[in-house]
Amino acid sequence: MARRLRFNGTDSKNGGCPALHEDLDTGEWVVQGKPLTDPEDTAQLQHFTPGESAIVVPRELLVHFGPKEIDRVQQMISLEEFGRLFETFEHSAWRLETRRGYASDREDETYREFMETGTVQWDLDDEWCTNMRRQTSEGKRVGRVRIVDNPPTTGQLYLLDNARRNAATGEDMRNLWRADADRLRLPAEDFWIFDSRMIALLHFDNADKLLSVETITDPVEVNRYAQTRDAALHRAIPYDEFAVRVAATEQ
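Computed from a predicted structure; not experimentally measured.

Novice: I tried to follow the side chain of Gln 135 on my own but got confused; where do I start?
Specialist: For Gln 135, the position within the fold is in helix H6 (residues 127-137). For Gln 135, a relative accessible area of 3% translates into the label buried. A distance of 2.7 Å separates a polar atom in the side chain of Gln 135 from a polar atom in the side chain of Lys 140. Not counting chain neighbours up to four residues away, the residues in contact with Gln 135 comprise Phe 86, Glu 87, Phe 89 and Lys 140.

Novice: Looking at this model, I keep getting lost on the sheet that holds strand S9 (residues 172-177). Mind explaining?
Specialist: Two pairing modes exist for strands in a sheet, parallel and antiparallel, and in both the strands are linked by backbone hydrogen bonds. With mixed pairing, the 8 strands of this open sheet are ordered in space as S6-S12-S11-S10-S7-S8-S9-S13. In the strand order of this sheet, the two ends are held by strand S6 (75-77) and strand S13 (237-238), each with one partner. Across the sheet, helix H7 (residues 154-168) is in contact with strand S7 (92-97), strand S8 (141-148) and S9; its angle to S8 comes to roughly 165°.

Novice: What am I meant to see in unusual backbone geometry here?
Specialist: A negative phi holds for most residues other than glycine; trans holds for most peptide bonds. Across the junction of Asn 150 and Pro 151, the peptide omega takes the value 5°, indicating a cis bond. Along the chain, Pro 151 falls in the loop between S8 and H7. Notably, Ser 196 is not glycine yet its phi reads approximately 55°, a positive angle. Tracing the backbone shows Ser 196 in the loop between strand S10 (190-194) and strand S11 (198-204). You will see that Asp 208, though not glycine, has its phi angle at about 70°, which is positive. Relative to the helices and strands, Asp 208 is located in the loop between S11 and strand S12 (210-216).

So, how was this worked out
Residues numbered from 1 in each chain as written. Predicted model: local features only at pLDDT ≥ 70, side-chain atom pairs only at ≥ 80, totals over all residues. Heavy atoms only, no water. Helix = DSSP H or I, 4+ residues; strand = E, 2+ residues; numbered from the N terminus. Buried < 20%, exposed > 50% of the residue type's maximum accessible area, 1.4 Å probe, protein only. Polar contact = N/O pair within 3.5 Å; in protein donor to acceptor, adjacent residues only side chain to side chain. Contact = heavy atoms within 4.5 Å. Pairing = 2+ DSSP bridges. Axes fitted to C-alpha atoms, helices over the stretch in contact; angles between N-to-C directions.

So this is what it looks like as structure tokens:
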């Protein structure tokens, strides 16, 4: 049976070797690179036996893309610290939203307004919008991809209306059908990626309440989430076009 290998990274400048791949089932790593074949070189290797191959890779490949720990050590931050990340990021902030609803939305007065009228008169001068306009006016990129069921849940329809507010501050708002997300094998995780170097992984309970925020800076893990971001963006649809499609399905 063929291995299920996931490309993890390369230091090659043209897309070739050297590279690292992870076996998703066994946790083993496959090193791709130029073989070490000179007998004088291989003679210096300890415990080198017939049938084995020695591969030469640059140190940077292992530093940037090799596994650091068998079990990830959680680094938790407070919600206050999480909030400050949106004021201190340097060039980009991007989120994947995968849940069918969020407790914080249902607790907001705008959710009741949406339930009653089907739309919301959004406040574009609240704290979030004011900060996002400031960040995007400085040339920083902010965006999201929201996963949507077919048919959408009430919470997802609320967020589709909410995307008008986000877009007005300069956020790049997109949506992706859950079936497409499943085909892309996107993880069922909610996270922000800041400056392509730190992940803020959001942990929720079964009632969709945000419990905690875990930060991840391991380059291997960050690269994995960045690949998720790129795949989601490749297939996601701008929110306004997506809203038209949703409306068409409801007729």
